Amino acid sequence: MADAPKIPDEAETRARWGAFAWTPENQAKADEILARYPKGREQSASIPFLDLAQRQVGAETQTQGWLPVPVIEYVARQIGVPYMRVFEVATFYTMFNLAPVGKYHVQVCGTTPCLLGGSDDVLAACKNKGLSKGHTTPDGLFTLTEVECLGACANAPMVQINDDNFEDLDYDKTTALLEALAEGRAVTPGSQTGRRDSCPAGGPTSLKQMVDENHDYRGEWAS
Amino acid sequence: MPIVKVDGVEVEVPQGATVLQACELAGKEIPRFCYHERLSIAGNCRMCLVEVKPGPPKPQASCALPAADKQEIFTNSPMVKNAREGVMEFLLINHPLDCPICDQGGECDLQDQSLAYGRGHSRYDENKRAVTEKYMGPIVKTVMTRCIQCTRCIRFAEEVAGVEEIGAVYRGENMQITSYLEHAVTSELSGNVVDLCPVGALTSKPYAFEARPWELRKTLTIDVMDAVGTNIRLDSRGRQVLRALPVINDDVNEEWASDKTRHAVDGLVRRRLDRPYVRKDGKLVAASWDEAFAAIKAVDAGSSVAAIHGDLVDCETLYAAKALLASMGSSLLEGRQTGMDYDTSSLAAVNFNTTIAGTETADAILLVGTNLRWEAPLVNTRIRKAIKKGAKVFAIGPEVDLTYRATWLGNDLSLLGKLPEEVAQAFDSAKRPMVIVGGAALKGGHGATLALAKTLNLVRDGWNGYNVLHAAAARNGGLMLGFAQKGGIADVAAANPKLAFFLGADEVDFSKFAGSFKVYIGHHGDKGAAAADVVLPGASYAEKSGTYVNLEGRVQRGDRAVFPPGDAREDWTILRALSAVLGHTLPFDTLDELRAAMGVDTPDLATLGLKTFAWNPPSLDAAGSGEVSYPIKDFYLTNAICRASPTMQRCSAEILHGQDFAEAAE
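Predicted, not measured: the structure shown is a model, and the values here were computed from it.

Q: Where do I start with the confidence of the model for chain B in this structure?
A: Predicted coordinates in areas of low pLDDT are best not read in detail. The share of residues in chain B with pLDDT of 70 or more is 99%, and the mean pLDDT across the chain is 91. Across the whole predicted complex the pTM is 0.90, and at the interface the ipTM reaches 0.86.

Have a look at this one:
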């Protein structure tokens, strides 16, 4: 329970976000999203709308974005669904932030494969850079969250920062990554050891001839 | 129809039945928490696991599994026993062991089922989860640590009450049931979630720490807060009614009750009239029964006497008054206190002919001048059911939130003569069309709606779609006993009776009776008592055995739960005693004799059950005109009992008038 976000004061967020509405570009996107679902099934647009709204809030606040209650209610009105039903969705998914976050939302995976791969070092690096779990750094740059499996186990340990995954980390690489982000330098998402996607680390151990071109192994099968 | 074997016994079950229902048909008890026969199936508590062959070799949730032909079901195999014990152990992991301080104790599903199906001990020695309390309004008290997430309350709010304000937020172990942003739930049926909750997470706030269920005396009776005639059970201890709970009656209230039915009972011990009063020098002074009777005798009214009844009166009182007036030579009887004067020559034309249960099967519904949600919440839930089956609903009147989507045609009764094309089309193709006329629309729209009954062909073989919705519990009984003048209460006032009896009538414009000697026979010191010359303390619905006729013409009888306070007496005995003083002794000495006489006078009241009235509507002016204004301005404060109830006052202040009590709670 301790990790449940503290929903910010209602009166304040209502004053700040009560007038939330789509920007013209997002309006076009929203129309396109809504058109994907048949009439009477507008509720299906809950998640894409919440995502769009969070991004718009992010753009307005120069952060990753979050979902103030009035924004959730705006989304509910857009799709004609009771507030509670959209609120339930927003609280269920961890990619929706219910409290303000920093410019970079650092989500460190701590589930078993990442833990075995060294996610403790990643967290230590974050901690030494001044990040602490569930909090935003005073400069408003980083918010640290420990999350469960993000589905990149072959490249453990990993973090997700905003929309990008950074994989094959260790203490030094994480520190370098955070420094680069803090200084505004360009960073490369994906594996930080240079391997492609989730190819085997250290090169393939089987099907080696398939690396560069297609190869027919069938003739080599023992009959 | 599928034939299944339950523990070796063959039973035939209806098509579409679940395995759980099949087991119940075979007489086997299946423990359950999330499954409820009147709600949708969730299948998330896993308590109803049984072994089913053919099927995967693991226990299956019987509530969500359709019964199929030649299925073999085992409810007492070792696998099932183990599975139940396992589920129960998991449920109890985070459930606090605070039964001694829990209001649900003694009537708790979790308690009972852990006794019957659980292990004797727990193997869990980690910390338990704790959840903060949620605010849900003045009726529902929450202790959310006890919640086992069965989601019955969520499904009730969404499906029956139609108020989607309760939900489950967060997920996994952190899942919590809450009302939206912890605001009060704005439903007039919210109290039902207390009954639905299988544990002590949602309990009744006004009843908190009042009593244990085994201390209470349980009396079956009929509710009088609206004209639905909700079957209730009054739980009393000593001389006080502590709570009212609905009793299952599928024809009337299913198993629901409105918040007013449940929680107005704390008004029964407040502002009560417990001794007679006589007005002396303009002030009401406490008196003895003899003095009060002498004051009435001194009026020497002869035959110039009238009786006007209120909304909560039983038929026995009405009949005793009618008999007294008849023996004095008068028939000035009226019950429509607020001045309504609709035609009562045919009871079918002022009755809810479709019946409450029949409403569910309607496929086109037109509401004329009725705020159903307040006038009869439990009829409103039936309309929600009809809509689920595809019914179209149109409404004439000021727009209100009925918890479902109705097409509002406007607030003008002349619309009845020229219904829009879409309404005509819907009614043309309807097999079971239905019109519900509210009391407010009877003035300008009685004739017009009766004309509609003809043009829309509402009355057909086996179906009568013409309905008038009364809001007063005494109305239909009063009309059957003849408490109606042609011109309504204005006729009574015009006759200027020397002596006027007001039987629990509080909504009358008493200035019209300035020339009459006013005798108030009732139970609460409300407007009626304040205007009276003599006040005779009577019994409330909880304190007498009474017969009530609900809005569909169902004659129902309730028992006495407690005795009236102080010198107060049952109303019919007051009239009987007074009749002797006035020299017109009534011919009955016991309630049974009274009922026998009433059965002779009005044969429909001789037996219980649904009465149907022959369809012979009067011919009235078919032109509808005028606007409607709903008679109920405040759902929670409609009669003397609710007005005396602190719970109802708080509901009114908080839910209807937006006063904020959230901080003051506990």
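Q: How should the packing of aromatic side chains be read in this particular structure?
A: Note on aromatic pairs: each is described by the distance of the centres and the angle between the planes. Applying the stated criterion across every chain yields a total of 19 aromatic pairs over all chains. Plain terms: the ring middles of Phe502(B) and Phe513(B) are 5.4 Å apart, the flat faces sit at 90 degrees to each other, and that makes the pair edge-to-face. You can see Phe502(B) sitting in strand β24 (residues 499–503) and its partner Phe513(B) sitting in the loop between β24 and β25 (517–522), a full 11 residues away along the chain. The exposure class of Phe502(B) is buried, given its relative accessible area of 1%. Aromatic rings pair up to connect Trp17(A), Phe20(A), Trp22(A), Phe49(A) and Tyr74(A) into one cluster. The ring centre of Trp17(A) lies 3.9 Å from the NZ or CZ of Arg16(A), which sits over that ring.

Q: I tried to follow the sheet that holds β24(B) on my own but got confused; where do I start?
A: Sheets are built from strands paired through backbone hydrogen bonds, the pairs being either parallel or antiparallel. Residues and elements named next belong to chain B. Across the sheet, seven strands lie side by side as β14-β13-β26-β25-β24-β15-β16; this open sheet has mixed pairing. What marks the edges here is a single partner per strand, and that holds for β14 (283–286) and β16 (332–334). Here the average twist between neighbouring strands, direction ignored, is 20 degrees. When strand β15 (residues 305–309) meets β24, the two strands line up parallel, connected through five bridges. Directly across from Ala-307, in β24, lies its bridge partner Phe-501. Its contacts with the sheet put helix α7 (residues 289–298) on β13 (277–280), β24, β25 and β26 (534–537), and the angle it makes with β26 is roughly 135 degrees. Sheet strands touched by helix α16 (residues 571–581): β24, β25 and β26. Its angle to β25, the strand with the most contacts, is close to 140 degrees.

Q: What exactly am I supposed to notice about the sheet that holds strand β5 (residues 72–74) of chain B here?
A: Across the sheet, which stays open at both edges, the five strands sit in the order β2-β1-β5-β3-β4 (chain B) with mixed pairing between neighbours. One side of each edge strand has no neighbouring strand; the edge strands of this open sheet are β2 (9–12) and β4 (60–61) of chain B.

Q: How do you make sense of the pattern of salt bridges when you look at a structure like this?
A: Pairing between side chains becomes possible if they bear opposite charge and their charged atoms approach one another. Residue and element names in this part refer to chain B. Under the counting rule described, the total for this entry stands at 51 salt bridges over all chains. Among the ionic pairs, Glu-89 bridges to Arg-123, the shortest N-O distance being 2.8 Å. Residue Glu-89 is located in helix α2 (residues 78–93), and its partner Arg-123 is located in the loop between α3 (109–117) and β6 (140–142); the two are separated by 34 residues in the primary sequence. For Glu-89, a relative accessible area of 15% gives the class buried. Residue Arg-560 pairs with Glu-570 through a salt bridge whose shortest N-O separation is 2.6 Å. With Arg-560 in the loop between β28 (554–558) and α16 and Glu-570 in the loop between β28 and α16, the pair connects residues that are 10 residues apart, well separated along the chain. Among the residues examined, Arg-560 registers a relative accessible area of 35% and is labelled partly exposed. The class of Glu-570 is buried, set by a relative accessible area of 14%. Beyond isolated ion pairs, a larger network of salt bridges with shared partners links Glu-254, Glu-360, Arg-382, Lys-385 and Lys-389.

Thresholds applied
The numbers attached to residues start from 1 for each chain and follow its sequence in the written order. By the order in which they are written, chains take letters starting at A while ligands take numbers starting at 1. Since the coordinates come from a predicted model, pLDDT governs what is reported: local features require at least 70, and pairs of side-chain atoms require 80 or more to be given and counted, while whole-chain, interface and lining totals use all residues. As a rule here, side-chain values cover all heavy atoms of the structure and leave hydrogens and water aside. pLDDT expresses, on a scale from 0 to 100, how confident the predictor is about each individual residue. Two aromatic rings from Phe, Tyr or Trp, using only the six-membered ring of Trp, form a pair when their centres are within 6.5 Å; if the ring planes differ by under 30 degrees the pair is stacked, by over 60 it is edge-to-face, and anything between is tilted. Numbering of helices and strands runs from the N terminus; a helix is a DSSP stretch of H or I covering at least four residues, while a strand is a stretch of E covering at least two. Three labels apply to residues, based on accessible area from a 1.4 Å probe with only protein chains included: buried if under 20% of the type maximum, exposed if over 50%, partly exposed otherwise in between. Only when the NZ atom of a Lys or the CZ atom of an Arg is both within 6 Å of the ring centre and within 35 degrees of the ring normal do we say a charge sits over the ring. Paired strands are those between which DSSP finds at least two bridges. Axes, fitted as lines to C-alpha atoms, cover a helix only where it is in contact. Angles between the N-to-C directions of the axes lie from 0 to 180 degrees. Any two residues whose heavy atoms approach within 4.5 Å at even a single point are treated as in contact. Salt bridge, as used here: a side-chain nitrogen of Lys or Arg that lies within 4 Å of a carboxyl oxygen of Asp or Glu.

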